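One-letter residues, chain by chain:
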Amino acid sequence: MNQPLIAPSLLAADFANLQKELELINQSEADYLHFDVMDGVFVPNISFGFPLLEVARNYCRKPLDVHLMITQPERYLEAFAEGGASVIHVHYEACTHLHRTLTRIRELGCRAGVALNPHTPVSSLEDVLEQIDTVLVMSVNPGFGGQSFIPHTIQKVTKLKHLLTVNRSPALIEIDGGVSQQNAEALVRAGANVLVAGNSIFKAEDPLQAIQQLKNSSLPLVA
Ligand code: DX5
Ligand code: ZN
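Just so it is clear, the structure is predicted and the values come from calculations on it, not from any experiment.

J.: Before we move on, could you go through the overall build of the protein chain and cite the residues and values that matter?
T.: Across its full length, the protein chain holds eight helices and eight strands. For 223 residues, the compact-globule formula gives about 17 Å, and the C-alpha radius of gyration of the protein chain, at 16 Å, lands near that figure. The buried share of the protein chain, taken over its 223 residues, is 52%. Within the protein chain, residue pairs in contact and separated by at least 24 positions form 64% of the contacts whose partners lie at least 6 positions apart. When the accessible area of the protein chain is evaluated, it comes to approximately 10500 Å², of which 50% is carbon and sulfur surface. Charge-centre separation for the protein chain: the mean point of 16 positive side chains lies 4 Å from the mean point of 23 negative side chains.

Given below as structure tokens:
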């Protein structure tokens, strides 16, 4: 099993000490910074947008993994690409013309991602696989950090892994919501490549160690 990539979710950071939190991520083994954008319409919460993206871009040396929980995300692709996003995830449920939107994300020089709500089957992606670089499987209903992991996600990851393999898709599988040291190993076993984690990193006593533990979740435990 390969070691998973780790994407700490900024939503769980201490905003009163943002620079310190970003410095911590810089020093860690994290591979991305996950940036959750919520519009209060697609999800019942409002998070943050461009001013904070600028801070993240200026102080964080990890690539930015932007998760757009907004309606009509196609309106903001240029702005997020210019703002420094490396990956842009749009929600399947928010896109009427998903193929066009994903194509546009790649044209802008970013990796194209699709996020799936817990109720959306992985088979919905069958006809657009060639346009996808990453699938973000939501393991909670999006909108808030700190929610409980939905156990069915493990089966969903197995199904998605199968779909990608059969279609020879190199797309990565990313998991978001309630990811912790308790479920990371099962997720990686099922086929997850990227683990997003908010509370289990930023609220841990030792966030650097928490990141390392998630990263090592695929390694056999030494007795
Ligand atoms: C939820 C967000 C997640 C969230 C994860 O809507 O998309 O990225 O920040 O936070 P935890 O890991 O605390 O569930
Ligand atoms: Zn997210």
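What follows continues from the structure just given.
J.: Which residues make up the coordination of the zinc ion (ligand 2), and what are the values?
T.: Taken together, His-34 (NE2), Asp-36 (OD), His-67 (ND1) and Asp-176 (OD) make up the full set of protein donors to the zinc ion (ligand 2), lying 2.1 to 2.3 Å away. Taken together, the six donor atoms coordinating the zinc ion (ligand 2) and their angles of 70 to 172° define a geometry best described as octahedral.

J.: Break down helix α1 (residues 18–27) for me, citing the residues and quoting the values.
T.: Of all the residues in α1, the buried ones are Leu-18, Glu-21, Leu-22, Leu-24, Ile-25 and Asn-26. Buried residues along α1 sit in contact with β1 (5–8), β2 (33–38), α2 (50–59), α7 (199–202) and α8 (207–215).

J.: An account of the pairing of β2 is requested, with residue identities and associated values reported.
T.: In terms of burial, β2 is a largely internal element, six of the six residues being buried. Of the two faces of β2, the one lined by Leu-33, Phe-35 and Val-37 and the one lined by His-34, Asp-36 and Met-38 are each fully buried. Taken together, the six bridges between β2 and strand β3 (residues 64–69) define a ladder with parallel strand orientation. Across the sheet, the residue bridging to Leu-33 is Leu-64, located in β3.

J.: Which residues make up α2, and what are the values?
T.: Among all positions of α2, only Leu-52, Leu-53 and Ala-56 are buried. Projection of α2 onto a plane perpendicular to its axis shows the buried side chains occupying an angular sector of 105°, all on one side. Those residues of α2 that are exposed and aimed more than 90 degrees away from the buried face are Pro-51, Glu-54 and Asn-58. Where the residues of α2 are buried, they touch α1, β2, β3 and α3 (77–82).

J.: So, the sheet that holds β3: which residues are in play, and what are the values?
T.: Pairing is parallel in the open sheet, where eight strands are placed in the order β1-β8-β7-β6-β5-β4-β3-β2. Here the strands that pair on one side only, and so sit at the sheet edges, are β1 and β2. Pairs of neighbouring strands in the sheet enclose a mean axial angle of 25°, with direction left out of account. Summarising the sheet, β3 and strand β4 (residues 85–91) pair through five bridges and their orientation is parallel.

J.: I'd love a proper account of the site of ligand 1, names of residues and values included.
T.: Around ligand 1 there are 20 residues in total, and Asp-36, Gly-143, Asp-176, Gly-198 and Asn-199 lie nearest to it. Within the contact set of ligand 1, an oxygen atom lies 2.8 Å away from a backbone nitrogen or oxygen of Gly-143. In the model, an oxygen atom of ligand 1 is placed 2.8 Å from a nitrogen or oxygen of the Gly-198 main chain. Relative to its free-state accessible area of 380 Å², ligand 1 is covered by the protein chains to the extent of 99%. If you list the elements that add at least two residues to the shell around ligand 1, you get β2, β3 and β8 (194–197). Among the elements that take part in the shell around ligand 1, β2 stands out by supplying three residues, more than any other. Broken down by class, the residue content of the shell around ligand 1 amounts to eight nonpolar, ten polar and two charged.

J.: Summarise the packing of aromatic side chains; cite the residues concerned and give the values.
T.: One pass over the full model with this rule turns up four aromatic pairs. Within the aromatic cluster, the residues linked to one another by ring pairs are Phe-15, Phe-35 and Phe-48.

J.: Requested: an account of the packing of α1 against α2, with residues and values cited.
T.: Pairs of packed helices are described in terms of their axes, by the angle between the two and the distance that separates them. Remark: α1 packs on α2, axes separated minimally by 10 Å, with the N-to-C direction vectors making an angle of 45°. It follows from the interaxial angle that α1 and α2 lie oblique. In terms of crossing hand, the pair formed by α1 and α2 is right-handed. Across from Leu-18, Gln-19, Leu-22 and Asn-26 in α1, the residues of α2 making contact are Leu-52, Val-55, Ala-56 and Tyr-59. Grouping the constituent residues of the contact of α1 with α2 by class yields six nonpolar, two polar and no charged.

J.: Explain the state of the cysteines to me, using residue names and the numbers behind them.
T.: Taken as a whole and judged by the stated rule, the model has zero disulfides. Unpaired in this structure, Cys-60 has its nearest cysteine sulfur neighbour in Cys-110, at a distance of 16 Å. The thiol sulfur of Cys-95 is not disulfide-bonded, and the nearest other cysteine sulfur, from Cys-110, lies at 15 Å. By relative accessible area, which is 11% here, Cys-95 ends up buried.

Thresholds, definitions, all that
Residues numbered from 1 in each chain as written. Chains lettered and ligands numbered in written order. Predicted model: local features only at pLDDT ≥ 70, side-chain atom pairs only at ≥ 80, totals over all residues. Heavy atoms only, no water. Helix = DSSP H or I, 4+ residues; strand = E, 2+ residues; numbered from the N terminus. Rg over C-alpha atoms; globule rule 2.2 N^0.38 Å. Buried < 20%, exposed > 50% of the residue type's maximum accessible area, 1.4 Å probe, protein only. Contact = heavy atoms within 4.5 Å. Areas by Shrake-Rupley, 256 points an atom, 1.4 Å probe, with all protein chains shown as cover. Lys, Arg positive; Asp, Glu negative; His and termini not counted. Charge placed at Lys NZ, Arg CZ, Asp CG, Glu CD. Donors = N, O, S within 2.8 Å, 3.2 Å for Na, K, Ca; no water. Tetrahedral: all angles 85-135°; square planar, octahedral: opposite > 155°, others 65-115°. Pairing = 2+ DSSP bridges. Arc of directions from axis to C-beta. Axes fitted to C-alpha atoms, helices over the stretch in contact; angles between N-to-C directions. Near = heavy atom within 4 Å. Polar contact = N/O pair within 3.5 Å; in protein donor to acceptor, adjacent residues only side chain to side chain. Nonpolar A, V, L, I, M, F, W, Y, C, P; charged D, E, K, R; others polar. Phe/Tyr/Trp six-rings, centres within 6.5 Å; stacked < 30°, edge-to-face > 60°. Parallel < 35°, antiparallel > 145°, perpendicular 65-115°, else oblique. Left-handed = near helix turned anticlockwise from the far one by under 90°. Disulfide = S-S within 2.5 Å.

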